[in-house]
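Letter by letter, the chains look like this.
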Amino acid sequence: MSEQIPIHKGLFTWPSSRPQLLGSRCKQCGETAFPAQVDCRSCSGRDTEVVELGDRGTLWTWTIQTFMPKQPYHSDETEASFRPYGVGYVEMPGGVRVEARLEPSTREQLAIGMPMQLNIVPFRTDASGNQIMTFSFSAVEEDQAWK
Ligand SMILES: [Zn+2]
């Protein structure tokens, strides 16, 4: 039976009805990192803990990817099926910035500072037929923005 498998362990809570991005926090200086780090990049402390970064952030910067990324980026896309998509940094509560693929894919749909929400999406299918899952961010719908 095929399963849905995270692309890397420890990036997000999965499976979950409301997945949260996972990072690390330094117990000495409070620095938050994504992906989770064993050693703090700020103070070189070794006392870090895994924390949930949440599932909402704000768009910090973005661009449009208009050509197929080079390896090792490796999805099921081909030159024929590729469509341009947004890519950018989303700032999570606590200030850590996360590079991610963005669901809105046109310049008209993206704006710095807009609220974004986490999605767990299929990335590719492996040799056993399992769906490899990754994360992306999409615009928060207007009617969900204040919930
Ligand atoms: Zn630290």
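See above for the structure.
Below, the structure is looked at part by part. (Residues numbered from 1 in each chain as written. Predicted model: local features only at pLDDT ≥ 70, side-chain atom pairs only at ≥ 80, totals over all residues.)

Scanning the chain from terminus to terminus reveals 0 helices and 9 strands. Ordered by position from the N terminus, the helices and strands of the chain form the series β-β-β-β-β-β-β-β-β. Relative to the compact-globule value of 15 Å for 147 residues, the chain shows a C-alpha radius of gyration of 16 Å, a close match. For the chain, the proportion of its 147 residues judged to be buried stands at 23%. (Helix = DSSP H or I, 4+ residues; strand = E, 2+ residues; numbered from the N terminus. Rg over C-alpha atoms; globule rule 2.2 N^0.38 Å. Buried ≥ 20, exposed ≤ 12 C-beta atoms within 10 Å, placed from the backbone.)

Here we come to the nonpolar core. In terms of nonpolar packing, the biggest core is built from 21 residues, with L21, V90, M92, V98, A100, F135 and F137 touching the most fellow members. Among the secondary structure elements, those contributing two or more residues to this core are β5 (56-65), β7 (97-102), β8 (115-125) and β9 (131-139). Top element by residues in this core is β8. It accounts for 4 residues. (Core = buried A, V, L, I, M, F, W, Y, C linked by C-beta atoms within 7 Å.)

Take the pairing of β7 next. The pairing of strand β6 (residues 85-91) with β7 spans 6 bridges and is antiparallel. The residue of β7 that forms the bridge with V90 is V98. A loop of 5 residues connects β6 with β7, the two strands running antiparallel in sequence, and G94 in this loop sits at a positive phi of about 100°. (Pairing = 2+ DSSP bridges.)

With that settled, the discussion passes to the pairing of strand β2 (residues 21-26). For β2, the buried fraction is high: 5 of the 6 residues fall into the buried class. Bridge count between β2 and strand β3 (residues 32-33): 2 bridges; the pairing is antiparallel. Following the sheet pairing, S24 is matched in β3 by A33. In textbook terms, the turn of a hairpin is the stretch between consecutive antiparallel strands, and for β2 and β3 this stretch comprises 5 residues, one of which, G30, has a positive phi near 85°.

The strand order across the open sheet formed by 3 strands is β3-β2-β4, and the pairing between neighbours is antiparallel. Strands with a single pairing partner mark the edges of an open sheet, and in this sheet they are β3 and β4 (48-54).

To continue, consider the environment of M92. With respect to the element layout, M92 can be found in the loop between β6 and β7. Overall, M92 belongs to the buried group, with 23 C-beta atoms counted inside 10 Å. Every residue in contact with M92, bar those within four places of it in the chain, is listed here: L21, L53, G54, G57 and V98. (Contact = placed C-beta atoms within 7 Å.)

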